[in-house]
Structure formats: structure tokens, C-alpha cells
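So you can see what is in the structure, the chains are spelled out below.
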Amino acid sequence: MKKTRGLYWVSNDLRLDDNPALITASSRVDELIVVYAPGRAWHESVWHKQPASPARWQFLYEGLRCMDSQLGRLGQRLLVSDSPAQPSIAACIAHYQPAEVITSVQAGWYERQLWNQLRAQFTEIRFTAVHSHTLFDRDALPFDCSAAHLPRTFSAFRRLIESTSLAAPKPAPGKLPPPPGDIESTPVAGFAPLTKPALPPACQNAAGPHDSGFITGGERAAQEQLASYFSSAAPSHYKAVRNALDGWHHSTKFSPWLASGSLSARRIIAALRDYERRAGANESTYWIFFELLWREYFQWYAHAHGTSLFAIGGIRNKRPVDDDNSDQLWRWQNGKTDFPIVNACMNQLRRTGYLSNRGRQLVASCFVNELGMDWRAGAAWFEYHLLDYDVASNWGNWQYLAGVGADPRGKRRFDLKKQADTYDPDGQFRARWG
Ligand code: FAD
């Protein structure tokens, strides 16, 4: 009997644990090809010649390497393309002729366009996109996920979603269908096993340890951080310290792994509930859930609002101030503004690929309110640097701060002097990163 062949296109789900797309793929076919091809953003950007910093490439590379090694234990391997996703995946489908293509649902409009183009190109193949990046599946949402029906504010969303029951995370599969026997002898142009690095040159150049030195990509490092955080007492104090500008345990630091999919949001909730059973629930443990709901909101916000996520007028179609003064932009990016607290944050972002939530709010407020710049240039700079860059969370938060998004109160202006006095009273943060 002819074997059924499937192609699993890995994207924002670099993990084996709680990966519904991988489980779906492995349950339906006899032979599986597992591929990764960088999305559009890795190849072109309206704002930068290089869309991602060497540290971001490195983090991605570590995530892919880890996934390849986890797959290897189950007799599988990851094939990686060095070309943009659309032509690469199309070439792969044409070459291997799978009966099915399975992937994880993406929130970004451009990524969803790629998927739709492939579906239109190969009408005889079954295409399945599975929710792996969110707490809830689209059909479990208590509202229609469209621009007209998604709650306009986070509070309205939270009230609806909090009582919706959440599925338990699924364990990693114990076995996987093997790759086709001829996969080695019939390679597709542009694809190679990850052991022969096939990522774009910027990633290969970033082979050394990145400057942040503290966040390693991949599922193993993600699971270590999950275990380490919930075996400490930090979750019981989260709400009181989450706004600190520095300090590893002041917030969970789950975001980089969540963004690349090396950690599932549902797995975090399961670990949180387990912690609450052991150590007791309090306002702080609730607040971790609360923040993950913010993430969830922005995911569905991106789904609902499509290209408006990147429009200068946002979802409100409201034109903000949009100076494109390149000197101001350069000074903000390089920590040379008139605001020492902003400079310290921007230096931290550039050197580490990470910035606390409070730091992000301060520099975004400065960019929009003090410098009067086009918020999209700020969002793009974050996209370039953040190890946790997530299309929905980044552009959604920037819109919120610029007053063109989900904030019913309009633009947020932070008093930078007051913020520095509150969050860096002894100037230590400014001295460290200034
Ligand atoms: P914690 O405080 O421990 O929170 C736990 C988790 O909740 C986070 O890992 C994250 O997944 C989620 N979360 C917390 N706050 C938010 C929020 N405001 N919006 C969405 N999710 C949230 N987060 C990203 O993951 N990727 C981005 O690209 C991103 N860009 C941002 C841009 C701006 C201008 C601002 C103000 C915030 C942005 N955030 C982004 C949200 C937030 O700053 C980070 O998620 C958080 O600082 C990550 O650190 P943590 O994991 O220790 O967070």
C-alpha cells in the first residue's frame, strides 16, 4: 500500500512539548518531512537593510538546533532553507509531493498571506493550520474574531475570556513518522539539514555567544527557565517587582521562548496552577495569568486587524504626529537623547536584545511624545533587536502607546523624570547601562 506523506512546516512552534501542529502532522501520515524556512521578515524589511540583529539570528539558530536534536531522538530531522518561505516551501511541496501540509497558525498578516498563496497554488493538497501559539483555539473564543467583533479593549476581552475553559497542554510525542527513505539522496535545492548551517549569512556570522549571554534559544533552555522560575518564590512576589528595570527574577523572562514557540503558553499556565497548589495562589500569581492574557489579546488583535496593525493610523485610523527626523531617530536608537533613563534602556536593548516592560513603555513614550516620531520606526527598531520579537505583541503594544490602538484613553505619556525617580531612585540602572 502506498504510504501517505506529510510535510510539517515549522514556524512559531520550535518545540516538541505541547505542539498540536506536530501532533496533528504525526497522527495523520506514514512519512513526515519537517522543514523550516525563514518568514518574510527575515529577508526584507521596509525599515532596515538587515531585519534582525545578530543576537536575534543567534537565538533563532539555537532554537532550530535544539529542535533538530529533539527530533533526532525520534528518528526525525529538520531541513532548513536559506531562502524566503514562499518559494522554498512551494519547491519542497513540488519535490516531495506530500498529501498534506501542516503548520502552526500565525497571527501576522504577511505570514497568513504566504499560507494562503500556497493553498491557492496546490489545490489538490490538504492544508491544515493548527493553533499552537495561543492559549485558545480560534473556535473556542467567546466572540467572532473579526475587526468588528473583537473586544475594543483588553478589559472587555479579559472579562469574556477569563471564564472560558482552557485545554491542558499535551506532552511531546513519544514517536514520529520517519522521513521518506530517499530524503538524503534527493535533496531539494536550497534546503539542507541544520548540521550544515543553511540560514541566511547574518545568522551564520553570529555563531559566537551573543552579547546578552543570558538567554539561550531552544526548548531545553525554555524548560529550564520554566522549572527554575516556578521552583523559586518569585511567582508569589511577581506583581510587586514586575516593573523593575533590571533583575532576572523580577519578571518571568518567558517571552523570548514564547515568541519563537520554544515554550507553550498553556504549559506556563499548567506550571502556574501547579505552583499555586504547592505555594498558594495570591494576587501576584494571578497577575502572571493576567499578563499572559495581554499576550493572548494581542494575538487575536493581530488576527482581527490584519494590515491595520502596521498602519500609521492604527486600528483607529487616527493620524498621529509622524516626524521622520533621522537625527532624532539615530539618537534614540543609540542612547543619545536628552533623557538618561531612555538612553540606559536603549543601550540595554541594543546590547542584550531584552528590555523590561517598563523600559519599553518609557522609550516608546519618549519616541512618540518627546521626539514626536512615527511610532512605526520605533516598532521596527524593536523588531530588529528584541529576542522576544512577536509581531502581535510588538506592533499591538506600540499602537497602544501611540494612541492609535486598543487603549481607550488615547496616547500614553510617561513623565520621564518621575519614572526615573521611581524606578531608578539611586541611579544604578543608569550607571550600569548609560
Ligand atoms: P512578564 O512580566 O514575566 O510577563 C509574562 C508574559 O506575559 C510575558 O512573557 C509575555 O508573554 C506576556 N506579556 C507581559 N506583558 C505583555 C504585554 N504588554 N503585551 C503582551 N504580552 C505581555 N512582548 C513580546 O513578547 N514581544 C514583543 O515584541 C513585545 N514588544 C513590546 C513593545 C512595547 C512598546 C511594549 C510596551 C511591550 C512589548 N512587549 C512585547 C510586552 C512586554 O514588554 C514583554 O512581553 C515582557 O517585558 C517580557 O518579559 P517577561 O517575559 O519577563 O514578562
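Residues numbered from 1 in each chain as written. Predicted model: local features only at pLDDT ≥ 70, side-chain atom pairs only at ≥ 80, totals over all residues. Heavy atoms only, no water.

A. Molecular detail of the nonpolar core. Counting residues in hydrophobic clusters, the biggest one holds 87 residues, and the most contacted among them are Phe230, Trp332, Trp375 and Trp398. Of the residues forming this core, the biggest block, 13 residues, is contributed by helix 11 (residues 283-305). Ignoring any residue separated from it by four or fewer positions in sequence, one finds Trp375 in contact with Leu309, Ala311, Ile312, Pro320, Phe367, Val368, Trp395, Trp398, Gln399, Ala402 and Val404. Leu32, Ala52, Met67 and Ile102 belong to the second-largest nonpolar core, a separate cluster that totals 24 residues. (Core = buried A, V, L, I, M, F, W, Y, C linked by side-chain atoms within 4.5 Å. Buried < 20%, exposed > 50% of the residue type's maximum accessible area, 1.4 Å probe, protein only. Helix = DSSP H or I, 4+ residues; strand = E, 2+ residues; numbered from the N terminus. Contact = heavy atoms within 4.5 Å.)

B. The packing of aromatic side chains, seen in detail. In this structure the tally under the stated criterion is 33 aromatic pairs. On the basis of an interplanar angle of 80° and a centroid distance of 5.1 Å, the ring pair of Phe382 and Trp398 is categorised as edge-to-face. On the criterion of sequence distance, the pair formed by Phe382 in helix 15 (residues 375-385) and Trp398 in helix 16 (residues 391-402) is long-range, its members being 16 residues apart. Each member of the pair, Phe382 together with Trp398, is buried. An aromatic cluster of at least three residues, connected via ring pairs, comprises Phe143, Phe154, Phe157, Tyr286, Trp287, Phe289, Phe290, Trp294, Tyr297, Phe298, Tyr301 and Tyr400. Seen from the ring of Phe289, Arg273 lies directly overhead, with NZ or CZ sitting 4.9 Å from the centre. Sitting above the plane of the Tyr354 ring, Arg360 keeps its charged end 5.3 Å from the centroid. (Phe/Tyr/Trp six-rings, centres within 6.5 Å; stacked < 30°, edge-to-face > 60°. Lys NZ or Arg CZ within 6 Å of the ring centre and 35° of its normal.)

C. Local environment of the site of the ligand. Not every one of the 26 residues close to the ligand is listed here, only the nearest: Tyr238, Ser251, Thr252, Lys253 and Asn357. Arg360 is positioned with one of its side-chain polar atoms (N or O) 3.4 Å from an oxygen atom of the ligand. Contact with the protein chains covers 97% of the free accessible surface of the ligand, which is 810 Å². Residue assignment for the shell around the ligand shows that the elements contributing at least two residues are helix 9 (255-260), helix 11, helix 14 (357-370) and helix 16. In terms of residue class, the shell around the ligand is built from 12 nonpolar, 8 polar and 6 charged. (Near = heavy atom within 4 Å. Polar contact = N/O pair within 3.5 Å; in protein donor to acceptor, adjacent residues only side chain to side chain. Areas by Shrake-Rupley, 256 points an atom, 1.4 Å probe, with all protein chains shown as cover. Nonpolar A, V, L, I, M, F, W, Y, C, P; charged D, E, K, R; others polar.)

D. Fine view of the pattern of salt bridges. Counting across every chain of the model gives 18 salt bridges. A salt bridge links Arg273 to Glu276; the nearest nitrogen and oxygen atoms lie 2.9 Å apart. Placement of the pair is Arg273 and Glu276 together in helix 10 (residues 265-279), with a separation of 3 residues, close to one helical turn. Among the residues examined, Glu276 registers a relative accessible area of 15% and is labelled buried. When the shortest N-O distance is used, the salt bridge between Arg412 and Asp407 registers 2.5 Å. Asp407 carries the same exposure label as Arg412, and that label is buried. Connected through salt bridges with shared partners, the residues Arg28, Glu100 and Arg126 form a single ionic network. (Salt bridge = Lys/Arg side-chain N within 4 Å of Asp/Glu carboxyl O.)

E. Quick look at the packing of helix 15 against helix 16. Contact geometry for helix 15 and helix 16: axes closest at 10 Å, N-to-C directions at 150°. The chirality of how helix 15 crosses helix 16 is right-handed. Along the contact surface, helix 15 presents Trp375, Arg376, Gly378, Ala379, Ala380, Phe382 and Glu383, while helix 16 presents Asn394, Trp395, Trp398, Gln399 and Ala402. Tallied by class, the residues present in the contact of helix 15 with helix 16 amount to 7 nonpolar, 3 polar and 2 charged. (Axes fitted to C-alpha atoms, helices over the stretch in contact; angles between N-to-C directions. Left-handed = near helix turned anticlockwise from the far one by under 90°.)

F. Examining the side chain of Thr352 more closely. Assignment of secondary structure puts Thr352 in helix 13 (residues 340-352). A polar contact is formed between the side chain of Thr352 and the backbone nitrogen of Tyr354, at a distance of 3.0 Å.

G. Structural context of helix 3 (residues 85-96). Helix length check: helix 3, at 12 residues, gives a terminal C-alpha distance of 16 Å against a target of 16 Å (1.5 Å per residue), a fit within 8%. Among the residues making up helix 3, those that are buried are Ala85, Gln86, Ser88, Ile89, Ala90, Cys92, Ile93 and Tyr96. Directly after helix 3, the chain includes Gln97, whose backbone phi takes a positive value near 50°. (Expected span 1.5 Å × (residues − 1).)

H. View of the packing of helix 7 (residues 219-231) against helix 10. Across the interface, helix 7 lies against helix 10 with an axial gap of 10 Å and an inter-helix angle of 20°. Accordingly, the angle class assigned to the pair helix 7 and helix 10 is roughly parallel. Classified by chirality, the crossing of helix 10 by helix 7 is right-handed. Contacts between helix 7 and helix 10 involve Gln223, Leu226 and Phe230 from the former and Arg267, Ile268, Ala271, Leu272, Tyr275 and Arg278 from the latter. Taken together, the residues of the contact of helix 7 with helix 10 sort by class into 6 nonpolar, 1 polar and 2 charged. (Parallel < 35°, antiparallel > 145°, perpendicular 65-115°, else oblique.)

I. Up close: a positive patch on the surface. The grouping of Arg152, Arg316, Lys318 and Lys411 at the surface amounts to a positive patch. Assignment of secondary structure puts Lys318 in the loop between helix 11 and helix 12 (326-333). (Patch = residues over 30% accessible without salt bridge, like charges linked within 9 Å, V, L, I, M, F, W, Y side chains within 5 Å. Lys, Arg positive; Asp, Glu negative; His and termini not counted. Charge placed at Lys NZ, Arg CZ, Asp CG, Glu CD.)

J. Local environment of the environment of Thr307. Looking at the secondary structure, you find Thr307 in the loop between helix 11 and helix 12. Taking C-alpha positions, Thr307 is 34 Å from Ala221, a pair spaced 86 residues apart along the chain.

K. Representation of the pairing of strand 2 (residues 31-36) in the model. Counting buried positions along strand 2 gives 6 out of 6 residues, so the element sits mostly inside the fold. Neither face of strand 2 is open: one carries Glu31, Ile33 and Val35, the other Leu32, Val34 and Tyr36, and all of them are buried. Both strand 1 (residues 5-10) and strand 2 contribute to a ladder of 6 bridges, which runs parallel. For Tyr8, the partnering residue across the bridge sits in strand 2 and is Val34. A crossover links strand 1 with its parallel partner strand 2, the connecting element being helix 1 (residues 20-28), and its sense is right-handed. Bridging between strand 2 and strand 3 (residues 78-81) involves 3 bridges; their strand directions are parallel. Looking across to strand 3, one finds that Tyr36 is bridged to Val80. (Pairing = 2+ DSSP bridges. Right-handed = clockwise from strand over helix to strand, strands pointing away.)

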